[in-house]
Amino acid sequence: MAHKMIGRRFVLGLALAGTVAAVAPAAAAEEVVNVYTNREPGLYSATLDEFTAKTGIKVNAIFSEQGLAERIRAEGENSPADVLITVDIGRLEEAVDLGITQPVQSEALESAIPAQFRDPKDHWFGLSLRARTVYASKDRVKENALTYEDLADPKWKGRLCTRSFQHQYNIALVAAMIVKHGEAKTEEWLKGVKANLAKKPSGGDRDVAKDIAAGACDIGLGNQYYVGLMTNGKNEDQKKWAEAIKVILPTFKDGGTHINVSGIVMAKNAPHRENALKLMEFMVTPDAQRVFANVNYEYPVRPGIEINPLVKSFGELKPDAMLVADVGKARAKASELVDRVGFDR
Ligand SMILES: [Fe+2]
């Protein structure tokens, strides 16, 4: 497995030392925290540098797209990992299920993060929010408001594009639908959405914008931050895709918008527990939240923090009140339903 490293070199010896206590003032300068993350290093560097500047704690970060939770489990008691930062309730729950996390009680985390965006058992904490939105053709879609339930309306027949419904972003949406309406209604909804597909599910969220720009479909599902990344990125094609669409923040009927999280867990065998806690608490301070959410066009998890202007232009976010943890619990059932209706076939 290849890893990119950011910050200082990652020293595996740390794990074996079982070290804690800094003895002399000189040793205090050696304070470290080891971060495993599958989020792009660029998202954090500014935040982590700021953390080091404020606390003197060096951050060793290991970046890998896949397999970090499994790696921590394989490393076992000798794992140097202090925290794991990742996206999606699916990945957070997987980390908990693998037994590599520990509960964290922190007044700072509890007061900064609304209860619905953290684990009721304190094993994971949301750091930023992502909305499952609708991308719609500026030219061909008049609607500026929609419900998720509307996506099954036959008026969209042959007009809808999406990535695989087994992808974690859509699984979480289906799981949320189960939490709202139960399995039977969710299955009906899935059949209705499938019947509206313009083409077989494929690609990623950006491809939905691409397909809409090309006229292959008129609406589709996508996370809000891709629109920021496409609009302000270096890829000229993607800029055009983003220009062709508008973002609608759908809500559930009698509810709000489906929210997923990026989040952080403390590793079960974290060798630098104190420093890990400091980092976790730092990540939800107003300054860190502003930077962290802004870089990836996400919503800060801490209420009252300024939102990126482009993201703000999509409209006011009204998160559905359900617990993200409940969405996590319904994921297996959601995957089963997606399979049963043959959504991706
Ligand atoms: Fe994504």
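Residues numbered from 1 in each chain as written. Predicted model: local features only at pLDDT ≥ 70, side-chain atom pairs only at ≥ 80, totals over all residues. Heavy atoms only, no water.

Undergrad: What's the story with the coordination of the iron ion in this structure? I'm lost.
TA: Angles between donor atoms at a metal ideally measure 109.5 degrees for a four-coordinate tetrahedral arrangement and either 90 or 180 degrees for a six-coordinate octahedral one. Those protein atoms acting as donors to the iron ion are Tyr-169 (OH), Tyr-225 (OH) and Tyr-226 (OH), and they sit at 2.0 to 2.1 Å. In terms of primary sequence, the donors binding the iron ion are separated according to Y-x55-Y-Y. The exposure class assigned to Tyr-226 is buried, which follows from its relative accessible area of 12%. (Donors = N, O, S within 2.8 Å, 3.2 Å for Na, K, Ca; no water. Buried < 20%, exposed > 50% of the residue type's maximum accessible area, 1.4 Å probe, protein only.)

Undergrad: Teacher, can you tell me more about the pattern of salt bridges here?
TA: In a structure, side chains of opposite charge can pair up when their charged atoms sit close to one another. Within the structure shown, the criterion is met by 20 salt bridges. Notably, a salt bridge pairs Glu-75 with Arg-71, separated by 2.9 Å at the nearest N-O pair. With Glu-75 and Arg-71 both in helix H4 (residues 68-75) and four residues apart, this pair spans about one turn of that helix. Where Lys-333 meets Glu-183, a salt bridge forms, and the shortest distance between an N and an O atom there is 3.8 Å. Taken together, the residues span a long stretch of sequence, with Lys-333 in helix H16 (residues 331-340) and Glu-183 in helix H8 (residues 183-195) at a distance of 150 residues. Lys-333 sits in the partly exposed class, given a relative accessible area of 29%. (Salt bridge = Lys/Arg side-chain N within 4 Å of Asp/Glu carboxyl O. Helix = DSSP H or I, 4+ residues; strand = E, 2+ residues; numbered from the N terminus.)

Undergrad: Could you clarify how one ought to interpret the packing of helix H7 (residues 168-181) against H8 in this entry?
TA: The relative placement of two packed helices is expressed as an angle between their axes plus a distance between the axes. Following both chains from N to C, one finds H7 and H8 inclined at 135°, their axes separated by 7 Å at the closest point. It follows from the interaxial angle that H7 and H8 lie oblique. Considering how the two elements wind past one another, H7 and H8 form a crossing that is right-handed. Of H8, the residues touching H7 (which contributes Leu-173, Val-174, Met-177, Ile-178 and His-181) are Glu-183, Lys-185, Thr-186, Trp-189 and Leu-190. (Axes fitted to C-alpha atoms, helices over the stretch in contact; angles between N-to-C directions. Parallel < 35°, antiparallel > 145°, perpendicular 65-115°, else oblique. Left-handed = near helix turned anticlockwise from the far one by under 90°. Contact = heavy atoms within 4.5 Å.)

Undergrad: What am I meant to see in the side chain of Asp-320 here?
TA: Following the sequence through the fold, Asp-320 ends up in the loop between helix H14 (309-312) and helix H15 (324-329). Engagement of the side chain of Asp-320 in a polar contact is seen with the backbone nitrogen of Gly-256, the distance being 2.8 Å. A distance of 3.1 Å separates a polar atom in the side chain of Asp-320 from the backbone nitrogen of Met-322. Those residues within four positions of Asp-320 in sequence are excluded, and the remaining contacts are Gln-116, Lys-180, Phe-252, Gly-255, Gly-256 and Thr-257. (Polar contact = N/O pair within 3.5 Å; in protein donor to acceptor, adjacent residues only side chain to side chain.)

Undergrad: Whenever I open this one, the state of the cysteines confuses me. Can you help?
TA: Tallied over the entire structure, the rule returns one disulfide. A disulfide bridge connects Cys-161 with Cys-217, and the sulfur atoms are separated by 2.0 Å. Note on the Cys-161 and Cys-217 pair: the S-S dihedral is about -115°, so by sign convention the disulfide is left-handed. On the criterion of sequence distance, the pair formed by Cys-161 in strand S7 (residues 160-161) and Cys-217 in the loop between helix H9 (205-213) and strand S8 (219-223) is long-range, its members being 56 residues apart. (Disulfide = S-S within 2.5 Å.)

Undergrad: Honestly, the packing of aromatic side chains in this entry has me stumped. Any pointers?
TA: Pairs of aromatic rings are described using the distance from one ring centre to the other and the angle between the two planes. Summed over the entire model, instances satisfying the criterion amount to five aromatic pairs. Between Phe-51 and Phe-282, the aromatic rings sit 5.4 Å apart at their centres with planes inclined by 55°, giving tilted as the arrangement. A residue pair is termed long-range when its members are at least 10 positions apart, and Phe-51 in helix H3 (residues 41-55) and Phe-282 in helix H12 (residues 273-283) qualify at 231 residues. According to the relative accessible area criterion, Phe-51 is buried, its value standing at 0%. In this structure Phe-282 comes out as buried when scored by relative accessible area, which is 9%. Ring plane angle 50° and centroid distance 4.8 Å describe the contact between Tyr-148 and Phe-252, whose orientation is recorded as tilted. Taken together, the residues span a long stretch of sequence, with Tyr-148 in the loop between strand S6 (125-137) and S7 and Phe-252 in the loop between strand S9 (245-248) and strand S10 (259-267) at a distance of 104 residues. Both residues of the pair, Tyr-148 and Phe-252, count as buried. (Phe/Tyr/Trp six-rings, centres within 6.5 Å; stacked < 30°, edge-to-face > 60°.)

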